[in-house]
Amino acid sequence: MELIFEISKPGRSAADVSRSDVPVVNVDDVIGKKYLRDELDLPEVAEVDLVRHYTNLSRRNFGVDLGFYPLGSCTMKYNPKLNENAAVLPGFTGLHPEAPDEFAQGSLELMFDMQRLLSGIFGMAEFTLQPAAGAHGELTGVMMIKKYFEKKGEKRRLILIPDAAHGTNPASGALCGFETVTLRSNAEGGVDLEHLESLMTEDVAALMLTNPNTLGLFERNIEKVAAIIHGKGGLLYGDGANANAFLGKTRPGDLGFDVIQLNLHKTFSTPHGCGGPGSGPVGVSAGLVDYLPVPRIIKNDSTYNWSSDFPDTIGRVRAFYGNFNVIVKAYTYIRSLGAEGLTRATEMAVLNANYIKERLKPYFDLPFDRVCMHECVFSGNRQVAENGVHTSDIAKRLIDFGYHPPTIYFPLIVHEAIMIEPTETESKETLDIFCDAMIAIAAEAGENPQRVKDAPLSTPVSRLDEVLAARKPDVCWKRS
Amino acid sequence: MDYCPHTPDDITQMQAAVGVNSLEELFADIPQKFRLKQMPDMPASLSEQETLGLMQALSGKNKTPCATLTGAGAYAHFIPAVVGHLVGRAEFYTAYTPYQAEISQGILQAIYEYQTMIARLTGMEVANASMYDGASAMAEAAVLCAKMSNRTRIVVARSVHPQYRQVLQTYSWANGYAVTEIPYAPSGQLDSTALAAVLDDSVAAVIVQSPNFFGCIEDITTVADAAHKCGALLIAGFTDGTSLGILKPAGACGADFVAGEGQSFGNPLNYGGPYLGIFAAREKYLRRIPGRLAGATVDKNGKRGFVLTLQTREQHIRREKATSNICSNEALCALAAGIYLAALGKNLRKLAAVNIYKAQYLKNKLLRLTGWQDVFSTPVYNEFSLRCPDARKVNEKLQNAGMTGAYDLRKDYPELENTLLFCATEVLSKNDMDRVVEIIK
Amino acid sequence: MSKSNPTDRLYSKDHEWVKDNGDGTALVGITDYAQEMLTDIVFVELPPIGKKVAQGEPVAVVESVKSVSDVYAPVGGEVVDVNKTLEDTPELLNRDAFNDGWIAKLKIADADELKSLLSAAAYDALIQEEKH
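Computed from a prediction, not measured in an experiment: that's the story for all the values here. (Residues numbered from 1 in each chain as written. Chains lettered and ligands numbered in written order. Predicted model: local features only at pLDDT ≥ 70, side-chain atom pairs only at ≥ 80, totals over all residues. Heavy atoms only, no water.)

Draft legend 1. Up close: the sheet that holds strand S7 (residues 282-284) of chain A. Residues and elements named next belong to chain A. Pairing within the open sheet is mixed, and its seven strands lie in the order S1-S7-S6-S5-S4-S2-S3. Whereas interior strands pair on both sides, the edge strands pair on one side only; in this sheet they are strand S1 (126-128) and strand S3 (179-183). Strand after strand, the sheet turns through a mean of 25 degrees between neighbouring axes, direction not considered. Relative to S7, S1 runs antiparallel, the two sharing three bridges. Residue pairing for S7: Thr 128 is matched across the bridge by Val 282. Packing of helix H5 (residues 105-122) onto the sheet brings it into contact with S1 and strand S6 (259-261), and relative to S1 it is tilted by some 125 degrees. Each of strand S2 (158-162), strand S4 (204-210), strand S5 (235-239), S6 and S7 is contacted by helix H6 (residues 134-152), which is oriented at about 175 degrees to S5, the strand it contacts most. (Pairing = 2+ DSSP bridges. Helix = DSSP H or I, 4+ residues; strand = E, 2+ residues; numbered from the N terminus. Axes fitted to C-alpha atoms, helices over the stretch in contact; angles between N-to-C directions. Contact = heavy atoms within 4.5 Å.)

Here it is as structure tokens:
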């Protein structure tokens, strides 16, 4: 497909600009030539060509609305259209963030209620909706941990992170000046308690734990883990990316977590948008409430107002209040599902993941053969040993069968990892057909491995040269 | 509402296949004492119709102003119809990050085109696929400069957006950097004498915004020269991207990084989010910059294609050595921005010119009111600051007339009493502006 | 198939090699086994001339598409030269890790440190063990 620049022609335009109803001024005089640009190099296309260009681009993309998307750790559940409609109600979209609070009572009530509902669902004292994504929420959470120890006058340098953790965890720790120490997993895929005990000192600020972990397994020893951390005055941070596994079944706050971040674009059904916008609310226990970012919403009787009068706040992590439009979608989802709907979502998500695990385990190595939660992790080791067919080959071949591949090569502690998270919005038929495809590919890997290694065979482009893209990066088009 | 397709029959069959007799058995790993019987304090579920009714009632509690006179980091611009229709395509909005390039050529090419347009607009050599917003983009640029140079001081003009400075303070505190603020001169631009006084080899970066928070256009070239002389880097920000349609970009003035807000490009006001962090840099920093990058390459048959490239900079590989932890960004907002820019094309300059005409008209009319004065002498784009007899009264009147008034600068600059920051874009009509003046009189 | 490990040099446990030039300087690089594990190398971050490193400290960074690895100095010293060809042609490290793909030349700080390194035979044994 041609680039938009390649279909450009001087003199064309799509969007027009209204004639000015106020007098034209001489911009050179008013502003001065030294502050003005010479040329403006943007595409010039007619609207029909613009629309065809992007519509055709969209047809070279794959979304949940097209097919099954079992990406582990991403919770690609169906994005309800009701949420989309609610979010574009003009009362919500047209309001400027600096509008007087009196104009924004609906939006303020929504955000306040969202904070309250999330606190109840997760067992935390209070939430902030400011962070724009999960990683942003992690950073915010780690900042609050840092502030907590600063106020106590304690200098703690370390953060413990399990070897199975998502890369944003150590990155967030490092960005707040902490040193990360890796915590080993035990043979069952949980925290190695002995190792934790040996690592936990008064120099450790926190343990960042994902529960269930990135293997889809619930931490059975969570009570002991929390006790070890709290016993030496540390804090327990929870990466809530896998919250879809426990809605209505348990609450991180009850389990002993002091800070958790959520991903509204995972658990709460807001669309992923090709990589954003998301939203990463952060919940805290009572002892950390003072450090939440500002401004915060104050409720007086039935009026809501923004206030920054919180002297111990960590400050701000972005301008304005949060990804409001995303929050509206998540709020709509929570209100429409209610307690029963959210609990059922978790039950069906876990049932679906276990179903897939049982159907596929005769054909792929299963590192941890126990009840999983909302996702299961296989290893492609058998196929590698047989004929040198790697997990990446299997993933590419799945594309030919009409699927977006599962997450591959994560978590790092499983060799040739394949992480499958079906979510609750998939029917038994969909799961069965997917498993049939995986089994067929496993057979192909044994009988006709080259076919798998050549995959994908049915896409607009075949395997792309990532090495070239990294050796000679071209991230900005230049006319030849 | 319930989006699970499972029938009771399905569940029975699946339970059997898994080897459990009840769903509760699947949660046996959760210690009994922590098992919930039900979610506390949750309202009952609602039908689709009831839910929409609820949301309509909530949005109905908002008051949609008939005109907005505030910019201050978020701008009311006209969004062409094509933008909503195109980003509303399910293949875009229900897709995930394009890690599997072969089935994501659509968004990867669109991002590559967006990166190209942003680089050209900002006068820089490379741009990433987006950051969270202008404020955090600016803070991340500062952190990067500090990490690259091993210097620990960030110098920022006080004329930079107050909330951007707050975010910078928070990120700097977290990393152990110091922030020094430089006052503005009576002209409204950054005070270069004050700047010269603090520049030394402890400074990693100097940050300036143009047009600045007061609406004044900064002399970026002079600031860049001063920064470079002491070995510091120059980060230039902006809050209304449409200004780039007509103003000289920071890239042509010596900036090393540009970190600004892209909301003006096709993204609604949405009460503050999601917005769009624009991040552009000189080519030599390409392997260090945060955020995703779409790169052009070829497939095994020599056909052009696109992939996410230089991912080794990112958190999922670099982990604790990453210079940023950003994962999800604002991809769909960037897509909207790309479509907006491609739709307007060179008309962006016309649009920017109209913004200037509108601002000049409103400014001149207001200046004819008794006791109203210009505060700064520097040229402006679509925002300007004026002193008036009673700022609070002005906004009260405007609010009672159903408008969002101007931004009261006293909030963030206590020395600027009774000084209002106005914004006039192409959506403000002559009638609106005449009415504003009548109301204030 | 890995190339065999040359006997004219010494090896570290982290898959670096060091070749004593006999004049107080030594060349440093990564082994053929290492480049095989890394797969296609896309970028090499060379150290600045004059940088002083202790034994075991990172002296360079090697990037492949899927990973980034530190190259640790097998002996301590001062960087007196770097292989600039690697800047434009990182694939040289894949093609010829032992010769043309050398990474840096160090002025050795303490020749005794060489004694703690492995011979080619010992390194061979290490790799065999790792493969199991």
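Draft legend 2. Summary view of the sheet that holds strand S7 (residues 68-72) of chain C. Residues and elements named next belong to chain C. Spatially, the three strands line up as an open sheet ordered S4-S6-S7, and their pairing is antiparallel. Unpaired on one side and paired on the other, strand S4 (41-45) and S7 mark the two borders of the sheet. For this sheet, the mean angle separating the axes of adjacent strands, direction not counted, is 25 degrees. Inspection of the sheet shows strand S6 (residues 58-64) paired to S7 by five bridges, in the antiparallel sense. Along S7, the bridge assignment pairs Glu 63 with Val 68.

Draft legend 3. Molecular detail of helix H13 (residues 391-400) of chain B. Residue and element names in this part refer to chain B. Every buried residue of H13 is accounted for by Ala 391, Val 394, Asn 395 and Leu 398. All buried residues of H13 lie within an arc of 90 degrees about the axis, which places them on one face of the element. Turned more than 90 degrees from where H13 packs its buried face, Arg 392 and Asn 400 sit exposed. Capping the start of H13 is the job of one residue whose side-chain oxygen sits 3.3 Å from the backbone nitrogen of Arg 392: Asp 390. (Buried < 20%, exposed > 50% of the residue type's maximum accessible area, 1.4 Å probe, protein only. Arc of directions from axis to C-beta. Polar contact = N/O pair within 3.5 Å; in protein donor to acceptor, adjacent residues only side chain to side chain.)

Draft legend 4. Inspection of the pattern of salt bridges at higher detail. For the structure on display, the rule yields 56 salt bridges over all chains. With its nearest N and O atoms 3.5 Å apart, the salt bridge here joins Glu 87 of chain C to Lys 84 of chain C. Here the residues in one salt-bridge network are Lys 249 and Glu 347 of chain A together with Glu 24 and Arg 35 of chain B, joined through shared partners. (Salt bridge = Lys/Arg side-chain N within 4 Å of Asp/Glu carboxyl O.)

Draft legend 5. Spatial organisation of the pairing of strand S7 (residues 257-261) of chain B. Residues and elements named next belong to chain B. The element S7 is extensively covered by neighbouring structure, given that five of its five residues are classed as buried. Because side chains alternate across S7, one face comprises the buried residues Phe 257, Ala 259 and Glu 261, and the other comprises Val 258 and Gly 260, equally buried. Pairing analysis gives four bridges linking strand S6 (residues 233-238) to S7, with the strands arranged parallel. Looking at the pairing, Phe 238 lines up with Gly 260 of S7. Sheet topology note: the S7/strand S8 (residues 277-281) ladder contains five bridges and is antiparallel.

Draft legend 6. Structural view of unusual backbone geometry. Note that the residue after Val 294 of chain A, namely Pro 295 of chain A, is joined by a cis bond; omega there is 5 degrees. Locating Pro 295 of chain A in the fold gives a position in the loop between S7 and strand S8 (296-300). Cis rather than trans, the peptide bond between Gly 273 of chain B and Pro 274 of chain B has omega equal to 5 degrees. Mapped onto the elements of the fold, Pro 274 of chain B is located in the loop between S7 and S8. Positive phi, close to 45 degrees, is recorded for Asn 270 of chain B, a residue that is not glycine.

Draft legend 7. Representation of helix H2 (residues 47-58) of chain A. With 12 residues, H2 of chain A extends 16 Å between its outermost C-alpha atoms, agreeing within 8% with the 16 Å of an ideal straight helix rising 1.5 Å per residue. Those residues of H2 of chain A lying buried are Leu 50, His 53, Tyr 54, Thr 55, Leu 57 and Ser 58 of chain A. Those residues of H2 of chain A hidden inside the fold are in contact with helix H3 (81-87), helix H4 (90-93), helix H5 (105-122) and helix H11 (331-344) of chain B. (Expected span 1.5 Å × (residues − 1).)

Draft legend 8. How the structure looks around the interface of chain A and chain B. The partner chain B presents 184 residues to the 205 residues of chain A that form the contact. The contact between chain A and chain B buries some 17100 Å² in all, and 63% of this surface belongs to carbon and sulfur atoms. Our enumeration of links across chain A and chain B arrives at 12 salt bridges. In this structure, Lys 61 of chain B and Glu 109 of chain A form a salt bridge, with 2.8 Å as the shortest nitrogen-oxygen distance. Across the chain A-chain B interface, the total number found is 93 residue pairs in polar contact (both at pLDDT 80 or more). Broken down by element, the residue count for the side of chain A that touches chain B peaks at 27 residues, all from helix H11 (residues 324-360) of chain A. Here the side of chain A that touches chain B is built from residues that sort into 107 nonpolar, 48 polar and 50 charged. (Buried area = accessible area lost by both parts, 1.4 Å probe. Nonpolar A, V, L, I, M, F, W, Y, C, P; charged D, E, K, R; others polar.)

Draft legend 9. Fine view of empty space enclosed by the protein. Residue and element names in this part refer to chain A. All told, the structure shown has 12 cavities of 30 Å³ or more when counted by the stated rule. As a volume, the largest cavity reaches approximately 120 Å³. Looking at the largest cavity, it is lined by 15 residues, and the ones nearest its centre are Pro 162, Ala 164, Ser 185, Leu 209 and Asn 213. Looking at the lining of the largest cavity residue by residue, the classes come out as six nonpolar, six polar and three charged. (1 Å grid on protein atoms, 1.4 Å probe; cavity = no way out; pocket = protein on both sides within 12 Å on 5 of 7 lines; lining within 4 Å. Points joined across faces, edges and corners; volume = space filled by probe spheres on them.)

Draft legend 10. Quick look at the interface of chain A and chain C. If you look at the interface, chain A gives five residues, while chain C gives nine residues. Roughly 570 Å² of surface becomes buried between chain A and chain C when both sides are summed, with 53% attributable to carbon and sulfur atoms. There are one salt bridge connecting chain A and chain C. The salt bridge partner of Glu 91 of chain C is Arg 471 of chain A, with a shortest N-O separation of 3.4 Å. On inspection of chain A and its partner chain C, the count reaches four residue pairs in polar contact (both at pLDDT 80 or more).

Draft legend 11. The packing of H2 of chain A against H5 of chain B, seen in detail. One way to put it is that H2 of chain A packs onto H5 of chain B with a least axis distance of 7 Å and a crossing angle of 135 degrees. When the axes of H2 of chain A and H5 of chain B are compared, the pair comes out oblique. Contacts between H2 of chain A and H5 of chain B involve His 53, Tyr 54 and Leu 57 of chain A from the former and Gln 105, Gly 106, Gln 109, Ala 110, Glu 113 and Met 117 of chain B from the latter. (Parallel < 35°, antiparallel > 145°, perpendicular 65-115°, else oblique.)

Draft legend 12. Geometry of the environment of Gln 166 of chain B. All names here are of chain B. Along the polypeptide, Gln 166 turns up in helix H7 (residues 162-175). Judged by relative accessible area, which is 33%, Gln 166 ranks as partly exposed. Gln 166 sits 27 residues away from Ala 139 along the chain, and the two C-alpha atoms are 9.5 Å apart.

Draft legend 13. Looking closely at the nonpolar core. Grouped together as the largest cluster of nonpolar side chains are 329 residues, with contacts concentrated most on Tyr 54, Phe 122 and Phe 268 of chain A. Sorting elements by how many residues they give to this core places H11 of chain A first, with 19 residues. Among residues more than four places away in sequence, those in contact with Phe 268 of chain A are Leu 118, Phe 122, Leu 247, Leu 262, Asn 263, Ala 330, Tyr 333, Ile 334 and Leu 342 of chain A. Counting residues in hydrophobic clusters, the runner-up holds 27 residues, among them Ile 41, Leu 46, Ala 60 and Val 82 of chain C. (Core = buried A, V, L, I, M, F, W, Y, C linked by side-chain atoms within 4.5 Å.)

Draft legend 14. Highlighting the packing of helix H12 (residues 347-367) of chain B against helix H14 (residues 430-440) of chain B. Residue and element names in this part refer to chain B. Where H12 contacts H14, the two axes come as close as 10 Å, and the packing angle between them is 20 degrees. Considered as vectors, H12 and H14 are oriented roughly parallel to each other. Our pair here, H12 against H14, has a crossing hand that is right-handed. Contacts between H12 and H14 involve Lys 358, Tyr 361, Leu 362, Lys 365 and Leu 366 on the former and, on the latter, Lys 430, Met 433, Asp 434, Val 437 and Ile 440. Counted by class, the contact of H12 with H14 contains six nonpolar, no polar and four charged residues. (Left-handed = near helix turned anticlockwise from the far one by under 90°.)

Draft legend 15. Geometry of the environment of Leu 292 of chain A. Residue and element names in this part refer to chain A. Of note, Leu 292 is situated in the loop between S7 and S8. Given the relative accessible area of 0%, Leu 292 is considered buried. Between the alpha carbons of Leu 292 and Ala 395 there is a distance of 41 Å; along the sequence they are 103 residues apart. Leave out the neighbours within four places in its chain, and Leu 292 touches Glu 126, Phe 127, Thr 128, Met 144, Val 282, Val 284, Thr 313 and Ile 314.

Draft legend 16. Layout of the confidence of the model for chain C. With 98% of its residues at a pLDDT of 70 or more, chain C shows a mean pLDDT of 90. On the interface metric, ipTM, the complex scores 0.97, and its pTM is 0.95. (pLDDT = per-residue confidence, 0-100.)

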